[in-house]
Amino acid sequence: MSRVVLVDAGGANIGSVRHALQRLGVDAPLTSDAVTIRNAERVILPGVGAAGAAMHRLRELELVDTIRSLQQPLLGICVGMQILFESSDEGQTTCLGLLPGNVDKLAGNAQLRVPHMGWNRLVHRAKSPLLDGIEDGAHAYFVHGYAAAPGDHCIAESHHGVSFCALVQCNNVAGAQFHPERSAATGSRLLDNFLKWTPA
Amino acid sequence: MLSKRIIPCLDVRDGRVVKGVRFRDHIDMGDIVELALRYRDEGADELVFYDITASPQGRSVDRDWVDRVAQVLDIPFCVAGGIRSVEEARGVLHAGADKISINTPALERPALIGELAAAFGNQCVVVGIDSQRDPDGQWRVRTHSGDPDAMRAPGMCTLDWVVQAQQHGAGEIVLNCMGNDGVRRGYDVEQLRAVRAVCDVPLVASGGAGNLEHFADVFRDADVDGALAASVFHSGDIAIPDLKRMLSAQGFEVRHAA
């Protein structure tokens, strides 16, 4: 049984999440096998690309119900977090519905470039073991054009024109809009917190 | 608030980091992984690795060092040099790069930008532009700039190309102002302002950084999202922590290394 598995829902640079876990001493296999995913202690759902493509791939692999029914800690990253919500404006996609709410398009203007690409601050909104050792205002690396509004389960938000949910946690389900695998010490700390996390 | 990005650029030749002046006279600067980690520790926000020999020699980037960098580096990095197909880009991204930057191949076949954006998302697709002012006062692009003997001027106006590249799906533009490259007199603020006016995606300034104030100038006067430099960082003339302290004191949002 694998301690941690990475769900292969497509996306070009899934390898960088794997490397980040290796730096923490965890060898997480990449898998699209429902049994392997169900039996893992922890599951990470990375995602680069579009919500519609990620959901399409999960449906193709017949993994939608598997992921929806996981009881162990689950972490979605970037698009992997967005598809935890009910729906996304990106391609009018119906998502996994593990978290309430919709993912909206970020509005850009002359001073506000979209995609939101670069380092931005994580502003704490609620206490969570996932935030242990991460300072209020620490920088994390973001690359995205869509985001969820900071709802009830948002534990850290960030700001790009509007405030949006940067880190979410509800029961066993967590999500990071930023890329922990590319967020230096802050990102490494989040992954480490996730690896040690026992949902209440 | 989004931070202004400081981006060291590492020119790679035969698996080593090198640096030249005005694209010539390359000297060895050290091992790729060693330098990448040094810049990460100093607080670099992102790194660009540019395989300077790939495009002129008509070959793609060597993936071994991309994989070595990806295993140890925990900040984003972009790889440039001779990527001319979706398959070549996939190899580099799968090896662990976050973005790929295309220059000459994009000018030769602009549809490549859209093919890459469709396959990987536009956030992965950086269009690098080498630009120089011609005697008639127009800024025009250059291709094959990695090798001065192979360099060409296809006649495309820089501002037109910036607009077209975005229409094709570019997620970021890196503008290298060749007249300023390596001479340390400051970024070409005039040209960057003109490009900024037609560029809705993130814009990164390249070429000309010589002192701390040059970075403040280009962020303030050209409103670029990031500033790229090589020699001032490699030589140690500018330490990234000092640079970020100065920018912070001037009111710019920057990220300090932990």
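These notes cover the structure that comes with them. These numbers were taken from a predicted model, which means no experiment stands behind them.

## Comments concerning helix α1 (residues 32-42) of chain B
Residues and elements named next belong to chain B. All of the buried residues along α1 are I32, V33, L35, A36 and Y39. All buried residues of α1 project into a common sector of 165° when viewed along the axis, lining one side. Structural note: α1 exposes E34 and D41 on the side pointing more than 90 degrees away from its buried face.

## As for the sheet that holds strand β2 (residues 30-31) of chain A
Residue and element names in this part refer to chain A. Ordered by their spatial adjacency, 8 strands build an open sheet running β2-β1-β3-β4-β14-β13-β12-β9, and the pairing between neighbours is mixed. Each edge of the open sheet is held by one strand with a lone partner, namely β2 and β9 (123-124). Bridging between strand β1 (residues 4-7) and strand β3 (residues 42-45) involves 3 bridges; their strand directions are parallel. Counterpart to L6 in the pairing with β3 is I44.

## Some points on helix α1 (residues 14-23) of chain A
A turn of α-helix holds 3.6 residues, and therefore any two residues three or four places apart point the same way. Listed in full, the buried residues belonging to α1 of chain A are I14, S16, V17, H19, A20 and L21 of chain A. Elements that come into contact with the buried residues of α1 of chain A comprise β1, β2, β3, β4 (74-77) and α6 (184-196) of chain A together with α2 (63-72) of chain B. Phi for G25 of chain A, located one or two positions after α1 of chain A, is positive at around 85°.

## Some points on the pairing of β1 of chain A
Residues and elements named next belong to chain A. Here β1 shows two buried faces, one formed by V4 and L6 and the other by V5 and V7. Note that β1 and β2 share 2 bridges and pair parallel. Across the sheet, residue L6 finds its bridge partner in β2, namely L30.

## Re the interface of chain B and chain A
Of the residues lining the interface, 37 residues belong to chain B; the matching set on chain A comes to 25 residues. Where chain B touches chain A, the interface holds 4 salt bridges. R121 of chain A is the partner of E253 of chain B in a salt bridge, and the nearest nitrogen-oxygen pair spans 2.7 Å. The tally of links between chain B and chain A comes to 16 residue pairs in polar contact (both at pLDDT 80 or more). Contributions of two or more residues to the side of chain B that touches chain A are made by α2 and α3 (86-94) of chain B. Ranked by residues supplied to the side of chain B that touches chain A, first place goes to α2 of chain B with 4 residues. Grouping the amino acids of the side of chain B that touches chain A by side-chain chemistry returns 16 nonpolar, 7 polar and 14 charged.

## Some details on unusual backbone geometry
All names here are of chain A. Following V114, the chain continues into P115 via a peptide bond in cis, with omega recorded as 10°. Even without a glycine there, the phi angle at E62 is positive, about 55°. With respect to the helices and strands, E62 occurs in the loop between α3 (51-60) and α4 (64-68). Phi angles above zero are rare outside glycine, and N171 is one such case at about 55°. Looking at where N171 falls in the secondary structure, it is placed in the loop between β13 (162-170) and β14 (173-176).

What counts and how
Residues numbered from 1 in each chain as written. Chains lettered and ligands numbered in written order. Predicted model: local features only at pLDDT ≥ 70, side-chain atom pairs only at ≥ 80, totals over all residues. Heavy atoms only, no water. Buried < 20%, exposed > 50% of the residue type's maximum accessible area, 1.4 Å probe, protein only. Helix = DSSP H or I, 4+ residues; strand = E, 2+ residues; numbered from the N terminus. Arc of directions from axis to C-beta. Pairing = 2+ DSSP bridges. Contact = heavy atoms within 4.5 Å. Salt bridge = Lys/Arg side-chain N within 4 Å of Asp/Glu carboxyl O. Polar contact = N/O pair within 3.5 Å; in protein donor to acceptor, adjacent residues only side chain to side chain. Nonpolar A, V, L, I, M, F, W, Y, C, P; charged D, E, K, R; others polar.

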